[in-house]
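Read off the chains here:
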Amino acid sequence: MPDYDRADQKPGIVHIGIGAFHRAHQALYTDAAMGAGDRDWGIIGVSLRSGDVAAQLNPQDGLYTVSRRSAAGTGVRLIGAVQKVIVAADAPQAVVDAIAAPATHIVSFTVTEKGYLRGPGGSLDLDAARGSSSLYRFVGAGLAARKAAGLPGPTLLSCDNLAGNGAVLKALMRQYLLADHSGLIDWFDRECRCPATMVDRIVPATTDADRAAVEAALGVRDEGAVVTEGFSQWVIEDDFAGPRPFWEKVGAELVDDVAPYETAKLRMLNGAHSALAYIGLGRGHEFVHQAIADPAIRPVIERLMRHEAAPTIDAASGQDLSAYADALLDRFANPALHHRLIQIAMDGSQKIPQRWLETLAWHQARGEHCPSLEAAVAAWIDFLRSDRPIDDPLAAPLKAAAAGADAARRIFGPTGPIASPWRP
């Protein structure tokens with residue numbers, strides 16, 4: 001149970017993209033910080049499109065459970081940090097008002113890679129950014145309202161799997177403001193901060209069976225239940241515009257440079273995850289733990305992490321990449337965590353550049369090949385050629401490029417749908 005009076009906590013964070021990952025990660029750290037005596041860091045969640053999370057959490061006053069599963073058993077914890085969820089499509093002004101509220105110090109994001117609306121070359125797709133469900137539209141209006149009211153700028157905290165996510169968010173936000181709120185640019189540069197983060201926790205999509213298990217354990221139904229592993233890591237660049245929760249007192253790491261941790265996570269964990277997804281689906285598996293147990297797949301994943309990704313990483317002092325690979329293999333093998341491969345396979349075009357292509361390019365520049373990553377690329381092309389529905393913003397051009405001969409060059413070449421530093 002929460003170790004604080006929920007009714008006595010003001011909301012200090014607006015979180016955009018309040019899916020299962022946020023509820024099992026950043027919200028849990030925030031809940032723990034308030035439980036340790038920190039104050040006024042309640043979370044107002046925002047769903048940009050879907051009303052599903054609001055329908056789950058609002059009737060429960062924002063309460064939900066996190067179940068931590070391993071082969072040794074399950075622990076269940078009730079989280080009280082989320083105060084309410086706003087559906088932006090239904091109440092756009094309420095989102096702007098929440099960002100503009102004097103008590104709000106942090107606006108954070110888990111909108112997935114595609115939510116940043118980057119066009120070819122990584123720049124902002126301005127037409128998409130002006131759309132009704134764009135994070136930029138709401139943040140821009142909220143920042144304008146804060147400036148008009150004489151309030152300080154907030155910290156904008158990306159918690160998505162993007163290389164240099166803080167710098168990416170800042171650059172894209174500036175592009176949007178220059179186009180639609182040009183009078184805010186100097187204020188934004190002076191007042192706001194966009195620290196980099198690295199987030200790491202495996203959070204599968206919740207199933208009806210998961211909810212039934214929580215109900216059996218607690219005696220009450222939790223529509224907002226989330227399930228996760230025991231492991232959790234959050235590394236944050238210590239560069240905030242104003243007050244922040246004492247996350248470092250409850251397990252987060254505040255550092256000067258996130259890059260080594262972020263690069264290891266993207267290229268080793270996320271790179272291996274995507275390879276497991278496409279290779280595993282191709283061999284008829286449904287879950288991560290099944291794929292990593294396949295003797296034809298595990299050596300491919302081990303080589304990917306230890307011999308292809310790890311040499312490309314400039315590790316921080318005390319960062320043991322070999323031990324990290326050992327831990328990842330153990331986490332993948334967790335039989336209690338039913339992490340579906342098809343969930344990981346979504347949005348490949350948005351994930352593969354930072355998960356695979358930079359590693360491939362690093363080795364190519366040294367005259368070396370990456371057999372495991374090349375096998376993963378081949379498995380992804382097979383996936384694109386299959387009869388499965390392709391959940392990807394570039395599905396149509398990807399399927400067209402994959403259908404012909406020389407598919408890798410058609411996808412990653414100079415005129416292909418994915419800009420690539422690697423040339424097949």
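Residues numbered from 1 in each chain as written. Predicted model: local features only at pLDDT ≥ 70, side-chain atom pairs only at ≥ 80, totals over all residues. Heavy atoms only, no water.

Peer 1: Sorry, what's going on with the overall build of the protein chain here?
Peer 2: Summing up its helical and strand segments, the protein chain has 18 helices and 11 strands in all. Relative to a compact globule of 424 residues, whose C-alpha radius of gyration would be 22 Å, the protein chain shows 21 Å and is just as compact. In terms of its C-alpha atoms, the protein chain occupies a principal-axis envelope of roughly 60 × 55 × 45 Å. Taken across its 424 residues, the protein chain has 54% of its residues classed as buried. Taking all contacts inside the protein chain whose residues are at least 6 apart in sequence as the whole, residues at least 24 apart take part in 75%. With an accessible surface of roughly 16,900 Å², the protein chain has 51% of that area assigned to carbon and sulfur atoms. Between the averaged position of the 41 positive side-chain charges in the protein chain and that of its 50 negative side-chain charges there is a distance of 3 Å. (Helix = DSSP H or I, 4+ residues; strand = E, 2+ residues; numbered from the N terminus. Rg over C-alpha atoms; globule rule 2.2 N^0.38 Å. Buried < 20%, exposed > 50% of the residue type's maximum accessible area, 1.4 Å probe, protein only. Contact = heavy atoms within 4.5 Å. Areas by Shrake-Rupley, 256 points an atom, 1.4 Å probe, with all protein chains shown as cover. Lys, Arg positive; Asp, Glu negative; His and termini not counted. Charge placed at Lys NZ, Arg CZ, Asp CG, Glu CD.)

Peer 1: Which parts of the structure should I look at to understand the side chain of Gln 233?
Peer 2: One can find Gln 233 in strand β10 (residues 233–237). The exposure class assigned to Gln 233 is buried, which follows from its relative accessible area of 16%. Side chain to side chain, Gln 233 and Glu 253 meet in a polar contact 3.1 Å long. Apart from the residues within four sequence positions on either side, Gln 233 is in contact with His 25, Tyr 29, Met 198, Val 199, Asp 200, Glu 253 and Tyr 261. (Polar contact = N/O pair within 3.5 Å; in protein donor to acceptor, adjacent residues only side chain to side chain.)

Peer 1: Is there a simple way to think about the pairing of β10 in this case?
Peer 2: Walk down a regular strand and you will see the side chains alternate between the two sheet faces. Burial runs high along β10: 4 of the 5 residues are buried. Here 4 bridges tie strand β8 (residues 197–200) to β10, and the two strands are oriented antiparallel to one another. Note on β10: the bridge partner recorded for Thr 197 is Ile 236. Of the pairings in the sheet, the one linking β10 to strand β11 (residues 253–255) comprises 3 bridges and is parallel in character. Considered in β11, the bridge of Val 235 is made with Glu 253. (Pairing = 2+ DSSP bridges.)

Peer 1: Just to check I follow, could you spell out the pattern of salt bridges for this structure?
Peer 2: It is possible for side chains of opposite charge to pair when their charged atoms get near one another. Throughout the structure, instances matching the rule amount to 25 salt bridges. Across the pair Arg 221 and Glu 215 runs a salt bridge, and its minimum N-O distance is 3.3 Å. Arg 221 sits in the partly exposed class, given a relative accessible area of 37%. Overall, Glu 215 belongs to the partly exposed group, its relative accessible area being 34%. Residue Glu 308 is joined to Arg 303 by a salt bridge in which the shortest nitrogen-to-oxygen separation is 3.2 Å. For Glu 308, a relative accessible area of 0% puts it in the buried group. Taking relative accessible area as the criterion, Arg 303 reaches 35% and is therefore assigned partly exposed. One network of salt bridges, in which partners are shared, links Arg 298, Glu 302, Arg 306 and Asp 326. (Salt bridge = Lys/Arg side-chain N within 4 Å of Asp/Glu carboxyl O.)

Peer 1: Can you help me understand the side chain of His 25 in this one?
Peer 2: In this fold, His 25 is placed in the loop between α1 (20–24) and α2 (26–35). Ignoring anything within four residues of it in the chain, the contact list for His 25 reads Val 199, Asp 200, Arg 201, Ser 232, Gln 233 and Trp 234.

Peer 1: What am I meant to see in the sheet that holds β8 here?
Peer 2: Here 3 strands make up an open sheet; going across it, the order is β8-β10-β11 and the pairing mixed. A single partner strand is all that each edge strand has here, and the edge strands are β8 and β11. Taken pair by pair, the neighbouring strands of this sheet meet at an average axis angle of 15°, ignoring direction. (Axes fitted to C-alpha atoms, helices over the stretch in contact; angles between N-to-C directions.)

Peer 1: Would you mind going over the packing of aromatic side chains with me for this structure?
Peer 2: Here the distance between the centres and the angle between the planes together describe a pair of aromatic rings. On inspection of all chains with the given rule, the structure shows 9 aromatic pairs. Arranged with centres 4.6 Å apart and planes meeting at 45°, the rings of Trp 234 and Trp 247 form a pair that is tilted. Residue Trp 234 is located in strand β10, and its partner Trp 247 is located in the loop between β10 and β11; the two are separated by 13 residues in the primary sequence. Comparing Trp 234 with Trp 247 shows no difference in burial state: the two are buried. The ring centre of Phe 240 lies 5.6 Å from the NZ or CZ of Arg 244, which sits over that ring. (Phe/Tyr/Trp six-rings, centres within 6.5 Å; stacked < 30°, edge-to-face > 60°. Lys NZ or Arg CZ within 6 Å of the ring centre and 35° of its normal.)

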